[in-house]
Structure formats: C-alpha cells, structure tokens
Amino acid sequence: MRIADVGDLWWRNAVFYCLDVETFRDGNGDGVGDFTGLTESLGYLEQLGVTCIWLMPFYPTPDRDDGYDISDFYGVDPRLGTLGDAAEFIRTARSRGIRVIVDLVVNHTSDKHPWFVQARRSRNSKFRDYYIWRDRPTRNQKNMVFPGEEQSIWEWEPKTEQYYMHSFYRHQPDLNLTNSAVREEIAKIVAYWLTLGVAGFRIDAVPFLLAAPGSPDAADPHEFIRDLKRFVRRRSSEAMLLGEVALPHPEQLEYFGGQDGGELDAQFDFTLMDAVYLASVRGDATPIADALRSRPKTSEPVAWGNFLRNHDELTLQLLTDEEREEVFDALAPEPYQRIYGRGILRRLAPMLNGDPRRLRLAYSLLFSLPGVPVLYYGEEIGMGENPELPGRSAVRSPMQWTPERNGGFSPARPSQLPGSLTTGGFGPEYVNVRNQQMDEGSLFHFIRALIARYRTTPEIGWGDVELVEHDTPGVFAHILRTDHEGGMLALHNLTAEPATVSLPSAADIGGEVLTDLLHPREIPLQAERATDVHLDPYGFLWLQITPPGGAIV
Ligand code: TEU
C-alpha cells in the first residue's frame with residue numbers, strides 16, 4: 001500500500017468504542033458516571049487498544065430518550081461534569097493517541113430546548129420556523145419509529161393551534177433543516193465541538209433529516225450533508241462524519257454522495273450486521289456473502305462501520321419477515337426480549353448463551369470483515385443486559401469493572417445509579433474487567449489480541465474483499481488485499497460441527513504459505529491443487545497470505 005493512498009483517512013482502520021459517560025464510570029461517587037471517571041478509565045481503553053471513542057450524547061437534557069433529547073447543544077449535562085471536564089477528557093484521550101467523536105443529534109431537539117419553548121408560544125416567534133408546523137397532519141406515517149409508544153409523527157400544540165412534526169418521541173420536535181438559520185446553528189455547533197478537539201461526529205438518524213414527508217419544501221438531505229462535510233473539512237483536516245443510516249445498501253450509496261462521494265465518510269452497515277446474525281443462526285455463510293456483494297462501490301474511499309450491537313435494540317428491519325422470525329426464534333424466544341416488531345433488547349453474550357466459542361467467532365468476524373469495527377462498551381467482557389430495566393435501557397446498564405458492589409462502577413448507594421446492574425450469570429460477580437484482565441484466557445484478552453491484529457493488518461480496513469469459492473456452506477471464506485499478491489485470508493466456521501475447506505491453489509490465492517496471525521503456525525499451500533484446511537466447531541483462522549520471500553509485518 002502506498003502512503004499516498006492512505007492519506008489522512010485515519011478512520012479507515014480505526015477501532016471505535018461507543019460509550020455513554022453516564023454509565024461508564026462514576027468518578028465523584030454520586031452514583032452517576034462522569035467525565036472524571038471516564039478520564040481515569042483511559043488507561044483501560046488504551047490497554048484494550050481502541051483508537052477512537054464515540055461519546056453518546058452528554059449534553060444538558062431532560063433525559064427522556066437517554067440524552068438524545070438535547071436542550072443545549074453547547075453544554076454538558078451537569079450530572080456528568082462540567083464543560084471543562086469534557087474538554088480535559090478530549091485532550092487527555094488525544095494525548096494517549098485516542099481520538100474522540102461525539103453524537104450530533106440535529107434531526108430534533110428536546111421540547112425543553114429554548115428554541116422550541118419560544119417557537120411553540122407564538123406563531124410570530126423568530127424560532128417558529130426552526131421547527132415543522134402544519135394545520136393538518138399528513139397521512140404519511142411511514143417514518144413512525146416507535147410503534148406502540150407514539151401513534152403519530154404529528155402533535156397538536158393548543159396554544160398556537162398547529163401540529164408540529166416529531167419523527168421520534170413527541171417531546172423531540174423535528175428541526176426544520178430547510179431553514180438556513182437552522183443550518184447556520186448546526187454549523188456553529190459543529191465548529192464549537194471541533195474547536196474543543198473532537199475528531200468528528202456520529203450523525204444521528206440521518207435519513208430523518210428531511211422536512212415533513214410530502215411537503216413541497218422537503219429538504220434535500222444530501223445537499224445538507226454535502227454542505228456539512230465541506231464545512232467540517234474547512235475547519236478541521238482530520239474530522240470525519242460517521243452516519244447512522246439504517247437503510248438498504250443502494251440507499252446508503254446516496255448518503256456517501258453517490259459514486260463520487262462528497263457526503264458521509266463512513267456509515268454503519270446495518271445490512272451486514274443483520275446478515276451476520278442470520279448466517280450464524282442458520283449455520284450458513286450465504287447471507288454474509290450476499291451482504292458483502294450488495295455493498296455499493298464508490299470511486300472515493302469510504303468506510304463501513306461494522307458492529308454487532310449498539311445502544312438501541314438489535315434492529316432486524318432489513319431482513320425479510322421470515323428471516324426476522326428465524327432470528328427472533330433463535331435469539332429472543334421470549335416476547336419481553338423483543339420490541340417494535342423489529343428488534344431484540346439483548347446484548348450479544350446472553351443471546352449466544354455465553355458460549356465462548358460462539359462469542360469468539362462473532363468477534364473474529366467483526367474484526368475481520370472489511371471495514372472498521374465499532375464496539376459497544378462492555379462487549380469486550382461479554383456483558384449481559386438487564387431485562388428489568390425498561391425498553392432500550394436493558395442494554396444500557398452500568399459498566400462492570402469489579403466483582404464488588406455496583407460492579408465497581410460507583411461507590412454510591414445502588415438506588416443512586418442511573419440504572420441497576422445486570423444480575424445472575426452475567427452479573428458483575430462473574431463478568432467484570434478486573435477478573436478478565438488477570439485471566440489470559442478471557443474474552444477481554446481475546447478481543448485485545450484481535451484489536452492488535454486488526455491494527456497491524458491494514459488490508460481489513462483498506463483492502464478489497466474477494467469471496468473465496470468452496471464447497472462448505474457453513475464456512476465463510478474471504479480474502480482482503482490491497483495489492484495483487486499477499487493479503488489476509490479469513491475462514492469462519494459458523495456451525496457446531498468440525499469443517500474442512502478446500503482452498504484454491506497457491507497460484508490462485510497469490511501466496512506460497514498461509515501464516516496464522518492468531519496462533520504461531522504455518523500452512524503451506526499446494527502449488528497446483530487444492531489445500532484442505534480444517535476448522536474446529538465455530539473455529540476461525542486469520543491467515544496471512546505470504547508471497548514467495550514475504551514475511552509478516
Ligand atoms: O436512532 C435513530 C434511528 O434511526 C434508529 O434507532 C431507528 O430507531 C432504528 O434504526 C429503526 O428504524 C437514534 C438513536 O440511536 C436512538 O437511541 C435515539 O432514540 C434516536 O436516534 C432519536 O434521537
């Protein structure tokens with residue numbers, strides 16, 4: 001790979017780690033996680049090897065949607081610390097080589113944001129057009145995000161006798177992005193956080209950044225994202241935009257800006273995430289191969305954020321109804337584990353019954369699929385959910401640091417915590433950072449090793465993917481390379497049975513020897529004919545394709 005190709009696009013092989021300051025670590029003993037606690041935890045994150053922290057919203061908020069209801073874009077929720085604490089955290093992370101990106105939630109504000117407080121009071125308010133008002137609700141309700149919790153995306157405002165639009169909860173009025181004054185506000189917000197040292201933004205709910213459905217003044221969200229990208233690039237040479245676009249691949253291409261780019265730098269791959277679950281439930285690699293084939297090609301370098309879980313429900317909306325039922329039946333058999341008819345309120349480890357082989361297989365896939373891995377806090381130790389917590393909070397319980405009280409998250413009384421910890425087999429007595437740090441055979445050490453390998457294998461983030469043809473349907477085999485020769489071959493056995501894969505000849509693979517990147521051994525390739533490679537049940541291999549005279553870097 002030439003340096004010129006790599007440029008400054010650091011996010012192409014970053015390791016992202018998403019966390020909520022509120023539930024990560026309490027530094028002042030009041031029961032709530034804070035920036036002081038987070039800053040003190042940086043050594044841990046450095047040891048794990050993550051290179052970029054994505055902070056979920058930490059801004060002042062009425063907290064009716066876990067902080068995604070913002071009442072001041074320029075501040076810090078006082079429960080989490082001061083603006084100074086946040087700035088100090090961003091600086092300290094950077095000095096340890098870890099970048100920070102922050103959630104940019106500008107589809108809506110809280111109804112307690114001063115803009116909305118004024119906008120709803122009078123039709124003549126200068127903030128009225130910051131939001132979307134109609135005399136009559138439109139019939140088009142296809143953007144309903146919380147079926148069962150909200151009946152409509154329109155809410156009546158009795159004082160000024162109009163409806164306002166809210167794609168999410170009724171306390172989250174949608175901003176009117178067709179209004180240039182709103183766009184200027186957003187530019188100021190972005191510029192402000194860049195000045196404080198963040199390296200980019202996770203843009204919330206990108207497809208919703210439209211005006212009211214069917215309205216004549218519907219904004220072109222692409223124009224907005226293009227402008228935002230240009231602006232961000234002018235202000236910072238390194239800042240990136242990672243978009244949450246939970247849509248099928250062809251529509252995602254548009255949010256990269258089409259073939260030529262110019263919009264988002266990176267997007268989460270919801271299609272691939274759903275495919276990984278379907279494939280592992282079926283023990284069949286086909287869905288993963290199909291998902292990778294359907295990824296759109298671009299001439300500009302863009303990045304795909306791969307993930308297994310995030311802070312929301314595991315949304316299976318891109319699967320067909322039958323496929324979704326298959327995943328539901330296998331991973332969320334109980335009705336209380338499901339939500340909105342599309343998602344699962346569980347973390348990965350309990351879904352896989354804590355089976356270490358399946359967990360390792362899943363993370364091996366996450367770190368070797370083409371793109372950049374995004375971890376959600378606690379995944380590295382196999383944390384579980386707390387089904388006692390309401391809705392999506394189930395997967396947002398406090399980080400488990402030690403086996404002691406409150407899992408070492410906070411010395412406060414348990415009733416002061418933002419949510420109670422997981423109990424039972426996934427509780428802190430059994431699943432915690434301290435024990436796993438001391439145990440070389442733990443999931444923590446395994447993920448740490450994967451991260452280290454990922455970081456020294458730039459092909460995974462940068463390379464082109466080739467799907468290897470073979471006759472074992474339960475095994476997913478792919479090659480990542482940036483040049484014609486060499487690269488990495490990964491094999492994943494998605495089944496509970498041992499498997500044998502017949503690999504193409506050395507000439508076809510483009511190397512002489514396969515060097516195991518996770519264990520010390522080599523597999524010579526046959527020059528002219530197939531080489532059989534054996535995999536354990538749920539086994540996997542990362543193999544460097546070593547050309548003649550080549551060596552591990
Ligand atoms: O989510 C927005 C979003 O589009 C998805 O969560 C959506 O609900 C799902 O893909 C099904 O379509 C973001 C945040 O991740 C979430 O926590 C917030 O509640 C939401 O925005 C509102 O800000």
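Residues numbered from 1 in each chain as written. Predicted model: local features only at pLDDT ≥ 70, side-chain atom pairs only at ≥ 80, totals over all residues. Heavy atoms only, no water.

Participant: Would you mind going over the domain arrangement of the chain with me for this structure?
Facilitator: In many analyses, interface size is given as the accessible surface area lost on bringing the parts together. What the domain assignment reports for the chain is domain 1 (11–108 + 180–455), domain 2 (114–165) and domain 3 (464–546). The largest contributions to the domain 1 side of the interface with domain 3 come from Leu 361, Ser 368 and Arg 453, which together make up 30% of the buried area. Between domain 1 and domain 3 we count 0 salt bridges in total. On the surface where domain 1 and domain 3 come into contact, there are 6 residue pairs in polar contact (both at pLDDT 80 or more). Of all the secondary-structure elements, those providing two or more residues to the side of domain 1 that touches domain 3 are helix H10 (270–282), helix H11 (286–294), helix H14 (356–368) and helix H16 (443–455). Counting residues per element, the side of domain 1 that touches domain 3 draws most heavily on H14, which supplies 8 residues. Partitioning the side of domain 1 that touches domain 3 into residue classes produces 13 nonpolar, 4 polar and 7 charged. (Domains from an automatic or database assignment. Buried area = accessible area lost by both parts, 1.4 Å probe. Salt bridge = Lys/Arg side-chain N within 4 Å of Asp/Glu carboxyl O. Polar contact = N/O pair within 3.5 Å; in protein donor to acceptor, adjacent residues only side chain to side chain. Helix = DSSP H or I, 4+ residues; strand = E, 2+ residues; numbered from the N terminus. Nonpolar A, V, L, I, M, F, W, Y, C, P; charged D, E, K, R; others polar.)

Participant: I tried to follow the site of the ligand on my own but got confused; where do I start?
Facilitator: Every one of the 17 residues lining the ligand counts as a neighbour, but Asp 65, Asp 204, His 311, Asp 312 and Arg 392 are closest to it. Between the ligand and the protein, one listed contact pairs an oxygen atom with a side-chain N or O atom of Asp 65 at 2.6 Å. At 3.2 Å, a side-chain N or O of Arg 202 approaches an oxygen atom of the ligand. Notes on the ligand: free accessible area 500 Å², of which the protein chains cover 96%. Of the residues that constitute the shell around the ligand, the class distribution is 6 nonpolar, 3 polar and 8 charged. (Near = heavy atom within 4 Å. Areas by Shrake-Rupley, 256 points an atom, 1.4 Å probe, with all protein chains shown as cover.)

Participant: Please explain the environment of His 249 as it appears in this structure.
Facilitator: Inspection of the secondary structure puts His 249 in helix H9 (residues 249–256). Assessed through its relative accessible area of 2%, His 249 is described here as buried. Expressed as a C-alpha distance, the spacing of His 249 and Arg 295, which sit 46 residues apart in the sequence, is 5.8 Å. Residue contacts for His 249: discarding those within four places in its chain leaves Asp 269, Thr 271, Ala 291, Ser 294, Arg 295, Pro 296 and Trp 304. In this structure the side chain of His 249 is engaged in a polar contact, spanning 3.5 Å, whose partner is the backbone nitrogen of Arg 295. (Buried < 20%, exposed > 50% of the residue type's maximum accessible area, 1.4 Å probe, protein only. Contact = heavy atoms within 4.5 Å.)

Participant: How should I be thinking about the sheet that holds strand S7 (residues 200–203) in this particular structure?
Facilitator: Backbone-to-backbone hydrogen bonds join strands into a sheet, with any given pair of strands oriented parallel or antiparallel. Judged by pairing direction, the barrel is parallel, and its 8 strands sit side by side in the order S1-S2-S3-S7-S8-S9-S10-S14 before closing back on the first. The sheet shows a mean angle of 25° between the axes of neighbouring strands, direction not considered. Here 2 bridges tie strand S10 (residues 303–306) to strand S14 (residues 372–376), and the two strands are oriented parallel to one another. Bridged to Gly 305 within S14 is Val 372. (Pairing = 2+ DSSP bridges. Axes fitted to C-alpha atoms, helices over the stretch in contact; angles between N-to-C directions.)

Participant: Just checking my understanding: could you explain H14 for this structure?
Facilitator: Since the α-helix packs 3.6 residues into each turn, any two residues three or four apart lie on the same face. With 13 residues, H14 extends 18 Å between its outermost C-alpha atoms, agreeing within 8% with the 18 Å of an ideal straight helix rising 1.5 Å per residue. Judged by how many residues are buried, H14 sits mostly within the fold: 11 of 13 residues are covered. Taken residue by residue, H14 has Arg 358, Leu 359, Arg 360, Leu 361, Ala 362, Tyr 363, Ser 364, Leu 365, Leu 366, Phe 367 and Ser 368 as its buried positions. For H14, the N-terminal cap is Asp 355; the gap from its side-chain oxygen to the backbone nitrogen of Arg 357 is 2.9 Å. (Expected span 1.5 Å × (residues − 1).)

Participant: It is not clear to me how unusual backbone geometry should be interpreted in this structure. Could you clarify?
Facilitator: Note on backbone geometry: most residues besides glycine have negative phi, and most peptide bonds are trans. Of note, Asp 66 is a non-glycine position whose phi angle comes to about 50°, a positive value. As for its placement among the helices and strands, Asp 66 is situated in the loop between strand S2 (52–55) and helix H5 (83–95). With relative accessibility at 18%, the residue Asp 66 sits in the buried group. Even without being a glycine, Tyr 538 presents a positive backbone phi close to 55°. Here Tyr 538 shows up in the loop between strand S21 (531–535) and strand S22 (540–546). Classification of Tyr 538 as buried rests on a relative accessible area of 12%.

Participant: What is the right way to look at empty space enclosed by the protein in this model?
Facilitator: Where empty space is left in the structure can be found by rolling a water-sized probe over the atoms. Tallying each qualifying case throughout the model produces 5 cavities of 30 Å³ or more. Considering only enclosed or pocket space, the largest cavity measures out at about 110 Å³ in volume. Considering the residues around the largest cavity, the lining is formed by Val 276, Tyr 277, Ser 280, Leu 308, Leu 348, Leu 352, Arg 358, Leu 361, Ala 362, Leu 365, Leu 494 and Tyr 538. Every element with two or more residues in the lining of the largest cavity is listed here: H10 and H14. Considering each element in turn, the lining of the largest cavity owes the most residues, 4 residues, to H14. Partitioning the lining of the largest cavity into residue classes produces 10 nonpolar, 1 polar and 1 charged. Taken together, Asp 20, Glu 22, Pro 57, Phe 58, Tyr 59, Thr 61, Asp 63, Asp 66, Gly 67, Asp 77, Arg 79 and Leu 80 form the lining of the second largest cavity. Here the lining of the second largest cavity is composed, by residue class, of 4 nonpolar, 2 polar and 6 charged. (1 Å grid on protein atoms, 1.4 Å probe; cavity = no way out; pocket = protein on both sides within 12 Å on 5 of 7 lines; lining within 4 Å. Points joined across faces, edges and corners; volume = space filled by probe spheres on them.)

Participant: I'm lost on the packing of aromatic side chains in this one. Help?
Facilitator: Note on aromatic pairs: each is described by the distance of the centres and the angle between the planes. The tally for this structure, following the rule as stated, stands at 34 aromatic pairs. An angle of 75° between the planes, with centres 5.0 Å apart, marks the rings of Tyr 44 and Trp 401 as edge-to-face. Here Tyr 44 is found in helix H4 (residues 42–48), whereas its partner Trp 401 is found in the loop between S14 and helix H15 (433–438), with 357 residues between them in sequence. Residue classification places Trp 401 among the buried positions, given a relative accessible area of 4%. A centroid spacing of 5.1 Å and a plane angle of 90° characterise the contact between Tyr 192 and Trp 193, whose relative ring orientation is edge-to-face. (Phe/Tyr/Trp six-rings, centres within 6.5 Å; stacked < 30°, edge-to-face > 60°.)

Participant: I'm lost on the sheet that holds strand S13 (residues 343–344) in this one. Help?
Facilitator: Here we have 3 strands laid out as an open sheet, ordered S11-S13-S12, and antiparallel in their pairing. Pairing within the sheet leaves two strands with one partner each, and these edge strands are strand S11 (314–315) and strand S12 (338–339). Note: S12 against S13, 2 bridges, orientation antiparallel. By the bridge assignment for S13, Arg 338 is matched with Ile 344.

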